[in-house]
Amino acid sequence: MTRVGIGIRTATKRKERAAGQIHVYDGAGKGKSQAALGVVLRSIGLGIEAGADTRILLLQFLKGSERDYDEDAAIAALRKSFPHLIDRVRTGRSEYFGKEEIIEFDRAEAHRAWTVAKGAIYSDLYSVIVLDELSPTLDLGLLPIAEVVEILQSKPKHLEVIVTGRDAPAELIEIADLHSEMRAHHHPEAAAQGISGIEIYTGAGKGKSTSALGKALQAIGKGISQDESHRVLIVQWLKGGTGYTEDAAIDALKKSYPQLVDHHRCGGDAIVWRGKQQDIDYIEAQRGWEIASSAIASGLYKTIILDELNPTVDLDLLDQEPIVRSLVNKPPDTQVIITGRCFNTPAYFNIASVHSEMICHKHYADRGVDLRRGVDF
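Definitions and cut-offs
- Residues numbered from 1 in each chain as written.
- Predicted model: local features only at pLDDT ≥ 70, side-chain atom pairs only at ≥ 80, totals over all residues.
- Heavy atoms only, no water.
- Phe/Tyr/Trp six-rings, centres within 6.5 Å; stacked < 30°, edge-to-face > 60°.
- Buried < 20%, exposed > 50% of the residue type's maximum accessible area, 1.4 Å probe, protein only.
- Lys NZ or Arg CZ within 6 Å of the ring centre and 35° of its normal.
- Axes fitted to C-alpha atoms, helices over the stretch in contact; angles between N-to-C directions.
- Helix = DSSP H or I, 4+ residues; strand = E, 2+ residues; numbered from the N terminus.
- Parallel < 35°, antiparallel > 145°, perpendicular 65-115°, else oblique.
- Left-handed = near helix turned anticlockwise from the far one by under 90°.
- Contact = heavy atoms within 4.5 Å.
- Nonpolar A, V, L, I, M, F, W, Y, C, P; charged D, E, K, R; others polar.

J.: What exactly am I supposed to notice about the packing of aromatic side chains here?
T.: For any pair of aromatic rings, the description rests on two quantities: the centre-to-centre distance and the angle between the ring planes. What the rule picks out here adds up to 1 aromatic pair. Judged by centre distance (5.6 Å) and plane angle (45 degrees), the ring pair of Y348 and F349 falls under tilted. One exposure class covers both Y348 and F349, and it is buried. The aromatic ring of Y69 is capped on one face by K63, whose charged end is 5.6 Å from the ring centroid. For R93, the ring lying beneath its charged end belongs to F97, and the centroid distance is 4.1 Å.

So this is what it looks like as structure tokens:
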């Protein structure tokens, strides 16, 4: 019989793989670059915790320096705290273009970026390399797919490579160890009611909580560049133990920006099985919601992450009506990020301005490959 537990297992006793994998975050939904940044933050946090530097390269295709992008503030926050651990290279022109609008500059910039990527891959300087927007670069025909595939397949064993962007070619997906598609869902009701600033990341694929961490970084970076008023609150349900996937990342945030980040977790250190909920599960879920609802109403936070709220509601540990009411009445400049998979769609999905479903097409864990500290947990 298949058991339908929703809770999150602790990561403290997991075996750990040594080999790096190739990740592909694909699709038209939001969260691809954010998920990559979440993995970067987690890797840095684990490196600090272990007393070992974890050097990261963020190499961006099709993102010229003349334009501001969503992840710029997040990267700025990372580089301010960890300047010796983060290298960033931006290439390409700043505006969108299609295949019929390609100019020689586009090909030259793509090849410049790929030259940097090849050197970095074989340099042995990095533990994680993010190739942001490589997929659309390949789809545009700006680089030879066969060469890219060959280089990625021959990467050093320890190196983790993360590829982002929509329209990933079949050849790239074929060699990926993990392929998570961000699928966009649209809710006209949100726009009709004038509701904005509610983002939901759900689904069985990888990237939900890591996307939320990327949003936290983005908010902090905006605060640094403006008036440092962008406080972030992270509330986690079903995570009352220790050793969870986001621990190192959140610790890194709190150590770097203690005046900007607050973190609360609730729940037990065990799977919550549907139909076998305990009294403590209801008490802890309500405790978390009291913290979250007060924070939403207060206007003190610019970004509030409600991590694993979806499965908490799906398990009937919280009523939906107060959540909908709180979200509808939130301050306009407060952004709420909600994560977690669920079998039954909660009512508040209908007022989401962004709803990205992570579809798991391929995951190395399904092949018996152990997870890796600093990337998966």
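So much for the structure itself; the text now carries on.
J.: Just checking my understanding: could you explain the packing of helix α3 (residues 104-123) against helix α5 (residues 145-153) for this structure?
T.: A pair of packed helices is characterised by two quantities: the angle between their axes and the separation of those axes. Between α3 and α5, whose axes approach to 10 Å, the crossing angle comes to 15 degrees. Between α3 and α5, the interaxial angle falls into the category roughly parallel. As for the relative orientation of α3 and α5, their crossing is left-handed in sense. Residues W114, K118, I121 and Y122 of α3 touch α5, and the partners they reach there are E147, V148, I151 and L152. When the residues that make up the contact of α3 with α5 are grouped by side-chain class, the tally is 6 nonpolar, no polar and 2 charged.

J.: Help me understand the packing of helix α10 (residues 279-298) against helix α12 (residues 320-328), please; the structure alone is not making it clear to me.
T.: Following both chains from N to C, one finds α10 and α12 inclined at 20 degrees, their axes separated by 9 Å at the closest point. When the interaxial angle is binned, α10 and α12 end up roughly parallel. Crossing hand, α10 versus α12: left-handed. Contact residues: α10 offers W289, S293 and I296, while α12 offers P322, I323, S326 and L327. For the contact of α10 with α12, the per-class residue count stands at 5 nonpolar, 2 polar and no charged.

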